[in-house]
Amino acid sequence: MIVKHGTRFRVYKRQAWLRTLLFFIVLLALNISCIDRNQINTGKDKYKAIFTHPPLNVPTNKVPDGPIAGNGDVGLVIGGNNEELNFYFSKNDFWKSKPGYPDGGVFLPGGLNINIPSMKGTEFYAEQRLSDATIMMKMKNKASDLTLKVWVASSENIVVVEFQNQGSPVKINLDLWSQTGNESVNKSGSEDGLFWITRGFTGPELEWPTEIAVAMKVTKENQSSFLIADIPVKVILGFRTNHESTDYLRKVLNITSETNDKILSSLRGVHEQWWSDFWSRSWIDIGDDFLEQCYYGSQYLLASCSRNAAFPPGLWGNSLTEDASFYNWAGDYHLNYNHQAPWWGAYSSNHIELTEPYDTPILEYMDNAKTHAGTLLNKRGVYYPVGIGPKGFCSSRFPLDSLAMKKYYGTYENNIEGGIMFLGQKSNNLFCTANMFMRFYSTYDSTYASRVYPFLKEVAKFWEDYLEFEDDRYVSKNDNFWEVGPWEGENWKENYGDINPTVTLGMLRMFFRGIKNVSMFLDVDKDMHERWDHILSHLSPIPTTNAGNNIRIKACEGGNGSGSRTLPGFGRVMMHGLIFPSDAFGEIRDPEFMNILKNEISLWGKEPMGDANWTNMGNGFETFFTGAARVGIHPDTLLYQLKTRIHMSLQPNLWITQAGGGIETFSAVPSCINEMLMQSYEGIIRLFPTWPLGKNARFYHLRAYGAFLVSSELKEKQVDYVKVISEKGRVLKIVNPWNSSDVLVERKGETEILSGDILNIDTKVMETILLKKKG
């Protein structure tokens, strides 16, 4: 049985401006509907997303607005209405590896349609519970009260739909379907009361095959159509791909068949325990139910899609409701911030486990990246394109067929930059290292450092070769600030050739500090330190210009990336390179430049500045507010602007959207709130640095650089205590929370009194330290 549900409506226009206009029209409609239809809950319901009307944006080629659940690999999105519910299933490893954009990317396996004729026209109600990752649906007519309990098992790739009814029997019709098209091979059948579907991409033109099987079991006499009276009925769906098992169909049939009530009970217990443990790793209490719901909602969405270490989530996570396409960037791993951003809030939230998948595709692509560097640039090291996939797949090759190139890009020339989308940018390899340094500084894990260090060395080799030393400084030439490509119009090639883009200059500062720190930690390559120090100390200054009484940041020192294409002012790309996630500048390293950055942000909203704006709906949500917290924007202003921006695109499922991508926004609220409560860049912990002094707040086990778990409370305008667990026994450096007052430091077996603006405390491995104001 293969059923492809519904009419899929897409608007395909080649003109970029029209696509953008259409996007914002749809986004505006969705935002209005979000506010009108599905109010965000507070109080006791703040850990739920409640839907009181059917989703409007399912299916979609971008962000859905329906209920979402997932186990970090298999994901589920619900669309439709009570009469015809549509479940869409996706899986992180279901990729099509056909070279030539947009023929390859992450694809939709299929779904399940649930037809309930007697519920036509009844009131829609669903809860997306964050606490245990369960979707509860309730529907009621004059004779029956039907409940659906839906969850994706945390420890097994199984989806469970539990039906329970009170009153007159209700007829349920199930249709399990696989998505067709895009050259896939689809099969279906039944065996021993199980229903199954497969979808696969196996042609010789592929770099590697991908196939998936989904099996369905119904506890009501194994029928796809049944009446439910007062005895509950469970629908069990199992998922396997060829990446997990060679005989994936037989494997999933066996597992699904063997999943009985006893096994389901065990799976449910493990599931609830997993989510309980997840939420107990850290928490915040800031007296704002709305922000807390968005904070935890973002963490829920990330945990639902990021637990397959071999296949991280792509741009849209495991919440696909359509196949990847030209218009959603093939759902790939975009390396000029999109792939990195989802995890930026996970490090400080003490959810290191969710970041495990991040490095995998980057490391798998190293051999290809070395080839690119040597063949295209005659350099050592690694040179990364804008988009990659898993298992060394390049998802950003221009179309291999010149006619397809003309269709999508308006030119027959498909060998631009070797036929691969580098888009004039050289900084993708630097961007890849940002998360690696965040994890290293957060954990000081020697196993992890050893794993990524070979990649760091290759990045160093690239920049040792690529940078030009002239006039006693290092310069990056032919390195574009913005992406450059034929979609920009007839004269698009004139946009190549930027010099010293801000993002590169900032990331280089991050990188050469970072690799030296990792090298010292691992006690290797000490002979390279002099070379790296020389580069770091002789990097070109950040380009600026004087505008009246203000010093303004430029996009780059020279080239079209600045001036006509980008007015002076501090936008998101500069933020990535200079503040967050790069940590390139700070209060100690360069307080004067930090004041310049703070002044730049204070101008947001006061003048036209492109994407540098609090309410920018394009890209930047993932970094704007965290960066503003870092430089010390007034906390009342920051909280007001943050909540205003959230309201502009918050979906009923707690996904906060922007135009440039999907799951990248999952980090925005957690990283911003964490940064307001605690900072640890430059290796120094600062407590409540950008939090309103008169607003009580507390947090538990936020993770600080240095491998410290920190808990603290601000009460009645004063820090009450600080509790620190030192995982690796490093020196604890902390700004005195009580200014210059004496501090009582308590640890097992001893007490001491310290004073000063910055406290330096020796620690032991897994030692707990309590700090309180003396007296």
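What counts and how
Residues numbered from 1 in each chain as written. Predicted model: local features only at pLDDT ≥ 70, side-chain atom pairs only at ≥ 80, totals over all residues. Heavy atoms only, no water. Salt bridge = Lys/Arg side-chain N within 4 Å of Asp/Glu carboxyl O. Buried < 20%, exposed > 50% of the residue type's maximum accessible area, 1.4 Å probe, protein only. Pairing = 2+ DSSP bridges. Helix = DSSP H or I, 4+ residues; strand = E, 2+ residues; numbered from the N terminus. Axes fitted to C-alpha atoms, helices over the stretch in contact; angles between N-to-C directions. Contact = heavy atoms within 4.5 Å. Expected span 1.5 Å × (residues − 1). Polar contact = N/O pair within 3.5 Å; in protein donor to acceptor, adjacent residues only side chain to side chain. Phe/Tyr/Trp six-rings, centres within 6.5 Å; stacked < 30°, edge-to-face > 60°. Parallel < 35°, antiparallel > 145°, perpendicular 65-115°, else oblique. Left-handed = near helix turned anticlockwise from the far one by under 90°. Nonpolar A, V, L, I, M, F, W, Y, C, P; charged D, E, K, R; others polar. pLDDT = per-residue confidence, 0-100. Lys, Arg positive; Asp, Glu negative; His and termini not counted.

Trainee: Go over the pattern of salt bridges with me, naming the residues and quoting the values.
Mentor: One pass over the full model with this rule turns up 39 salt bridges. A salt bridge links Lys477 to Glu470, with the shortest nitrogen-to-oxygen separation between them at 3.2 Å. On the basis of relative accessibility, which here comes to 25%, the residue Lys477 falls in the partly exposed class. With a closest N to O distance of 4.0 Å, Asp720 and Lys715 form a salt bridge. Using a relative accessible area of 37% as the deciding quantity, one classes Lys715 as partly exposed. Ionic contacts of the salt-bridge type, sharing partners, join the residues Asp73, Lys91, Asp93 and Glu244 into one network.

Trainee: Before we move on, can you summarise the sheet that holds strand S31 (residues 718-726) with the specific residues and values?
Mentor: The strands making up a sheet associate through hydrogen bonds between their backbones, and the pairing can be parallel or antiparallel. If you walk across this open sheet you meet the seven strands as S18-S29-S30-S31-S36-S33-S34, and the pairing is antiparallel. Of all strands in the sheet, those with a lone pairing partner are strand S18 (283-285) and strand S34 (750-754), marking the two edges. Going across the sheet, the axis of each strand differs from the next one's by a mean of 20 degrees, ignoring polarity. Two strands pair when backbone bridges link them, and S31 and strand S36 (residues 767-773) are joined in this way by five bridges, in the antiparallel orientation. Residue pairing in the sheet places Ile725 in a bridge with Thr768 of S36. Packed onto the sheet, helix H4 (residues 289-305) meets S18 and strand S29 (697-704) and runs at close to 170 degrees relative to S18.

Trainee: Pulling in residues and values, what's your account of helix H3 (residues 261-280)?
Mentor: The terminal C-alpha atoms of H3, which comprises 20 residues, lie 28 Å apart, in line with the 28 Å expected from a rise of 1.5 Å per residue. N-cap assignment for H3: the residue whose side-chain oxygen lies 3.2 Å from the backbone N of Lys262 is Asn260.

Trainee: Could you give an account of the packing of aromatic side chains, with specific residues and numbers?
Mentor: For the coordinates displayed, the defined rule picks out 51 aromatic pairs. Both rings, one in Trp95 and one in Tyr333, keep their centres 5.3 Å apart while their planes meet at 50 degrees; by these two values the pair is tilted. Here the residue Trp95 occupies a position in strand S5 (residues 95-96), and Tyr333 occupies one in strand S19 (residues 333-334), the gap between them amounting to 238 residues. Residue class for Trp95 comes out buried when judged on its relative accessible area of 1%. Arranged with centres 5.7 Å apart and planes meeting at 80 degrees, the rings of Trp463 and Tyr466 form a pair that is edge-to-face. One end of the pair is Trp463 and the other is Tyr466, both in helix H9 (residues 446-466) and three residues apart, which spans about a single turn. For Trp463, a relative accessible area of 0% gives the class buried. Aromatic ring contacts, followed pair by pair, group Tyr47, Trp274, Trp275, Phe278, Trp279, Tyr295, Tyr296 and Tyr300 into a single cluster.

Trainee: Give a detailed account of the packing of H4 against helix H15 (residues 635-649), specifying residues and quantitative values.
Mentor: Two quantities define a packed helix pair, namely the angle between the axes and the distance from one axis to the other. Orientation of H4 relative to H15, taken along the N-to-C sense of each, is 60 degrees, at an axis distance of 11 Å. Considering the angle they form, H4 stands oblique to H15. As for how H4 packs across H15, the hand of that crossing is left-handed. Contacts between H4 and H15 involve Phe290, Leu291 and Cys294 on the former and, on the latter, Leu639, Leu642, Lys643, Ile646 and His647. Residues of the contact of H4 with H15, tallied by class, amount to six nonpolar, one polar and one charged.

Trainee: Mind laying out the sheet that holds strand S9 (residues 134-140), listing which residues take part and the relevant values?
Mentor: In space, the nine strands of this open sheet follow the order S1-S8-S9-S10-S11-S17-S15-S14-S13, with antiparallel pairing throughout. The strands lining the two open edges of the sheet, one partner per strand, are strand S1 (48-51) and strand S13 (185-191). With direction set aside, neighbouring strand axes in the sheet form an average angle of 15 degrees. For strand S8 (residues 126-129) and S9, the ladder comprises four bridges, and the chain directions are antiparallel. Its bridge partner lying in S9, Ala126 is registered against Met137. Together, S8, S9, strand S10 (144-152), strand S11 (158-167) and strand S17 (233-241) form the strand contacts of H3, whose direction differs from that of S10 by roughly 65 degrees.

Trainee: Describe the confidence of the model for the protein, and please don't skip the residues or the numbers.
Mentor: Here the protein shows a mean pLDDT of 92. Residues at 70 or above account for 93%. Across residues 1-44, where pLDDT falls below 50, the model places 93 contacts with residues more than four positions away in sequence or in other chains.

Trainee: Explain the side chain of Glu713 to me, and be specific about the residues and the numbers.
Mentor: Mapped onto the elements, Glu713 comes out in strand S30 (residues 708-715). Here Glu713 sits buried without a salt bridge, and the closest side chain of opposite charge, Lys715, lies 4.6 Å off (N-O distance). Excluding residues that lie within four positions of it along the chain, Glu713 makes contacts with Phe688, Ala697, Arg698, Gln718, Val719, Asp720 and Tyr721.

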